[in-house]
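Residues per chain, in single letters:
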Amino acid sequence: MKAVQITQFGGPEVMQYKDVPTPTPGKGEALVQIQASGVNYTDIYSRAGVNPGPLPRTLGVEGAGVVMAIGSDVTGVKRGDVVAYCSVGGSYAEQAVVPANRLIAMPKGMDAKIGAAAMLQGMTAHYLCHSTYRVQRGDKVLIHAGAGGVGLLLIQMVKALGGYVFSTVSTDAKAKLAQQAGADQVINYTTQDFAQEIKTATKGAGLQAVYDAVGKTTFDKSVACLAPRGYMVLYGQASGPVPPVDMRLLGNGSLFLTRPGLGHYTASRQELEQRAGDVLNWIQSGKLKLRVEHVFPLSKAAEAHKQLESRATTGKVILVPG
Ligand code: NDP
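Residues numbered from 1 in each chain as written. Predicted model: local features only at pLDDT ≥ 70, side-chain atom pairs only at ≥ 80, totals over all residues. Heavy atoms only, no water.

(A) Inspection of the domain arrangement of the protein chain at higher detail. Under the domain assignment, the protein chain is made up of domain 1 (2–120 + 266–320) and domain 2 (136–259). Spacing between the C-alpha centres of domain 1 and domain 2 amounts to 28 Å. If you look at the interface, domain 1 gives 15 residues, while domain 2 gives 17 residues. Summed over both partners, the interface of domain 1 with domain 2 buries about 1,200 Å², with 61% contributed by carbon and sulfur atoms. Taken together, the links from domain 1 to domain 2 amount to zero salt bridges. For the interface between domain 1 and domain 2, the tally reads six residue pairs in polar contact (both at pLDDT 80 or more). When residues of the side of domain 1 that touches domain 2 are traced back to their parent elements, those giving at least two are α1 (41–48) and α8 (269–285). Looking at the side of domain 1 that touches domain 2, its residues break down into seven nonpolar, three polar and five charged. (Domains from an automatic or database assignment. Contact = heavy atoms within 4.5 Å. Buried area = accessible area lost by both parts, 1.4 Å probe. Salt bridge = Lys/Arg side-chain N within 4 Å of Asp/Glu carboxyl O. Polar contact = N/O pair within 3.5 Å; in protein donor to acceptor, adjacent residues only side chain to side chain. Helix = DSSP H or I, 4+ residues; strand = E, 2+ residues; numbered from the N terminus. Nonpolar A, V, L, I, M, F, W, Y, C, P; charged D, E, K, R; others polar.)

(B) Looking closely at the sheet that holds strand β2 (residues 16–19). Strand order across the open sheet formed by three strands is β2-β1-β4, with antiparallel pairing between neighbours. Bordering the open sheet on either side are β2 and β4 (57–58), each of which pairs with just one other strand. In the sheet, strand β1 (residues 2–6) pairs with β2 via four bridges, with the strands oriented antiparallel. Directly across from Q5, in β2, lies its bridge partner Q16. (Pairing = 2+ DSSP bridges.)

(C) Region of the structure containing the site of the ligand. Not every one of the 29 residues close to the ligand is listed here, only the nearest: Y127, S170, K174, Y189 and R311. Interatomic distance of 2.4 Å between a side-chain N/O atom of Y189 and an oxygen atom of the ligand. Contacts to the ligand include R311, whose side-chain N or O atom sits 2.7 Å from an oxygen atom. Calculation on the ligand without its partners gives an accessible area of 900 Å², and the protein chains cover 91% of this total. Secondary structure elements with two or more residues in the shell around the ligand: α1, α2 (112–132), α3 (149–160) and α9 (301–309). Looking at the shell around the ligand element by element, the count peaks at four residues for α2. Shared between two domains, the shell around the ligand takes at least three residues from each, and those domains are domain 1 (2–120 + 266–320) and domain 2 (136–259). (Near = heavy atom within 4 Å. Areas by Shrake-Rupley, 256 points an atom, 1.4 Å probe, with all protein chains shown as cover.)

(D) Focus on α1. Within α1, burial applies to D43, I44, Y45, S46 and R47. Packed against the buried residues of α1 are β1, β3 (29–39), β4 and α9. Of the residues flanking the end of α1, it is G49, one or two places downstream, whose phi is positive at about 90°. (Buried < 20%, exposed > 50% of the residue type's maximum accessible area, 1.4 Å probe, protein only.)

(E) Structural view of the packing of aromatic side chains. Following the criterion strictly, the structure yields five aromatic pairs and no others. Look at Y231 and F256: their rings are 4.4 Å apart centre to centre, the planes differ by 10°, and that puts the pair in the stacked class. One end of the pair, Y231, is in strand β13 (residues 226–234); the other, F256, is in strand β14 (residues 256–258), and 25 residues separate them in sequence. (Phe/Tyr/Trp six-rings, centres within 6.5 Å; stacked < 30°, edge-to-face > 60°.)

In structure tokens, the structure reads:
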């Protein structure tokens, strides 16, 4: 089978599309014929060595497709089921072995591509605004990179909870997308001082939460946007890692700082099913709009990475076999 592997860390050029042996499912595992793989920013950290891990390695942590075979002691899924999953390595491939207890059955009639596009970013947006800091009606929050994969979903979920959304983006085209998703005020953080804009808009009162996965270039000003007892939710670092923080910073407003990860919010089967179920059902009912904006063949995964890390993408990027 074909897969996209790395044998060393580096830029997109280290990604090799090549023949590798088809894996065999062991105890508790299923072999999935991948119909679509999700591309996520975390794949860039993995490729670049920011997230260290074993080498050689097949990239990708999100996929959807059809169960081809199951190992021993598998309950809950069977051959022929259409499933989606995330947070398991090796999805940039034609087939992947996945622990059966991480697989989610797709709602009847839903295209597998939707599963590959929705699971990781959808459940991330879900835990951020329902669990890390649960948005209350009337809360004002800031969502950075609002036209990105997580960003567009998070804006919609915060609006559904009754929040008021400020969102930052880098271009006018991205601003339009963030607005369409429901953002109340969009700020171009490459030309405007977002902290000053928010201070003015809130008459100095500040925000209940900032959802920041841009990191290095936004962190300090994000903290400055918070109201007393506000939540600084740092969930990524697309612009680079945040330098060590002097904890006295939090004393300015009895602030909370957290660095959450999806794995800790989908650790149990029950929590995984609940979040994935919400996301997939909301998409099926039309309550949540998923924008699959970029589809690349698996053989062009390196190009997908180039575009994602150069800020050229909006919404979701997926790979399909070929
Ligand atoms: P996005 O589609 O949001 O792409 C990243 C966006 O970040 C870009 O489009 C760009 O938007 C913005 N950005 C700002 N500065 C830079 C920079 N210097 N280089 C590149 N991009 C920059 O990606 P994802 O939706 O996949 O992920 C968004 C973030 O969420 C990532 O940091 C990711 O690691 C994190 N994440 C964290 C999870 C967790 O559980 N902790 C789970 C999933 C994702 P613009 O041009 O508008 O600035």
